[in-house]
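Remarks on the overall topology
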Amino acid sequence: MRFPGPLAGIKVLELGTLIAGPFCARMLAEFGAEVIKIETPGSGDPIRQWRVLKDGTSLWWSVQARNKKSLTLNLKDARGRAIARQLALEADIIIENYRPGVLEKWELGYAQLQAVKPATIMVRLSGFGQTGPMRDLPGFGAIGESMGGLRYVSGHADRPPVRVGVSIGDSVAALHGVIGAMMALRHRDATGGREHGQGQMVDVALYESVFNLMESLVPEFDQAGVVRERTGGALPGIVPSNTYTTGDGENIVIAGNGDAIFKRLMLAIGRIDLAGDPGLARNDGRVPRTREIDDAIQAWCGGRDIDAALTVLKAADVPAGKIYSVRDMMTDPQFLAREMFEQHHFPDGTPVKLPAISPKLSATPGKTQWMGPTLGQHNDEVLAALGYSAAQIAELKDGGVV
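In short, a report on the structure.

1. Describing the packing of aromatic side chains
- The tally for this structure, following the rule as stated, stands at five aromatic pairs.
- On the numbers, 5.3 Å between centres and 85° between planes, the contact of Y98 with W106 is edge-to-face.
- Residues F335 and F341 carry aromatic rings whose centres are separated by 5.8 Å and whose planes lie at 15° to one another, so their mutual orientation is stacked.
- Three or more aromatic residues link up through ring pairs in this structure, and these residues are Y324, F335 and F341.
- The ring of Y152 has R230 sitting right over it, with the charged end atom 5.6 Å from the ring centre.

Rendered as structure tokens:
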């Protein structure tokens, strides 16, 4: 019996590999949509072999593909494309992250499907979008992060830019895809529904998704000629907010940038002189003296271990926190109280924890129904639902179509 999530009854066809498209489809699957993922026969999505493996399959796969159905299809074969087209015309949402133009060659493009079914919703994720002079270039998350502005402001001023330790560009694009899909679905249902409603294309570019996070960069440059630069762990122009190192070698983030919070922080670390300095009462007065303030906080942090520092700061009601590794997360009372880990088992019985599903809905929360499927695990089920007989399915398998 299917899990009655908020997207129960919604059919999604996933045409894509690796991160952006599959992450977008994953979130829909986590909240009840039926997601059919098309994979290449014999090899499947390359992410199956990425990073840490168990029995030849990526542990990442168990999360990225949870709740999805795997159908293998050779899209270079006309029979495979015909099956994909049939699925696309039955789907409420199609998610794809091929290079622009690839689906059109296979007669699976948005305009081609929309001409037959006006209610078609297609989420298209690519490096640079479906238009513009860069549309045909390969677009990876690293390029999107760089072009969208994130890499430029990440790291220390005296060193080259650094990357965030996860595929943030792809993931941010995926979240934009989910938001766009929900907006398009709402519009379709408001204009006639699955049969007669107005569908649309959701055009998500990785670099634009990253660019959407860049706060006030554009007006600051346009009006004041300011180019935001790398500032390490500090929050530019908002003081104090930085990362400091405690005596036991741990790293702690302290955000004392509110005027009242700053005063409490200075009193907590024994700097009555700074707490009472009228020139530091407001943020605009603190910014020119950033180094002095940071040095004072660092000197205090360096004289005690992180637990002692956090105890003092918590008592003073100053926002502060340890920078967590996954080891810290797995035993943290807040993570545990919020049930942020799920216990599951691999087919051989080995237990494994997975991250729980976010966001948390009070009435229709997401749920992991199963971990990432084996390659082609749902071939017979999906094809039978399309009307293929056992003999026809066997023929497709013999012909290398599935």
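2. Looking at the pattern of salt bridges
- Tallied over the full model, the rule gives 31 salt bridges.
- For the salt bridge of R188 with D189, the shortest nitrogen-to-oxygen distance reads 2.8 Å.
- Given the relative accessible area of 3%, R188 is considered buried.
- The exposure class of D189 is partly exposed, given its relative accessible area of 43%.
- For D328, the salt bridge is made with K322, and the minimal N-O distance between the two is 3.0 Å.
- For K322, a relative accessible area of 24% corresponds to the partly exposed category.
- By sharing partners, the salt bridges in this structure join E14, K37, D45 and K68 into a single network.

3. Here we look at the nonpolar core
- Grouped together as the largest cluster of nonpolar side chains are 28 residues, with contacts concentrated most on V12, L28, I93, I95 and V123.
- Elements supplying a minimum of two residues to this core: α1 (20-30), β6 (93-96), β7 (121-126), α7 (168-190) and β8 (200-205).
- Tallying contributions element by element places α1 first for this core, with seven residues.
- Sequence-distant contacts of L28, that is, excluding residues within four places in its chain, are made with L7, V12, A33, I93, I95, V178 and M182.
- L15, L73, A88 and V382 belong to the second largest nonpolar core, which has 26 residues in total.

Basis of the calculations
- Residues numbered from 1 in each chain as written.
- Predicted model: local features only at pLDDT ≥ 70, side-chain atom pairs only at ≥ 80, totals over all residues.
- Heavy atoms only, no water.
- Phe/Tyr/Trp six-rings, centres within 6.5 Å; stacked < 30°, edge-to-face > 60°.
- Lys NZ or Arg CZ within 6 Å of the ring centre and 35° of its normal.
- Salt bridge = Lys/Arg side-chain N within 4 Å of Asp/Glu carboxyl O.
- Buried < 20%, exposed > 50% of the residue type's maximum accessible area, 1.4 Å probe, protein only.
- Core = buried A, V, L, I, M, F, W, Y, C linked by side-chain atoms within 4.5 Å.
- Helix = DSSP H or I, 4+ residues; strand = E, 2+ residues; numbered from the N terminus.
- Contact = heavy atoms within 4.5 Å.

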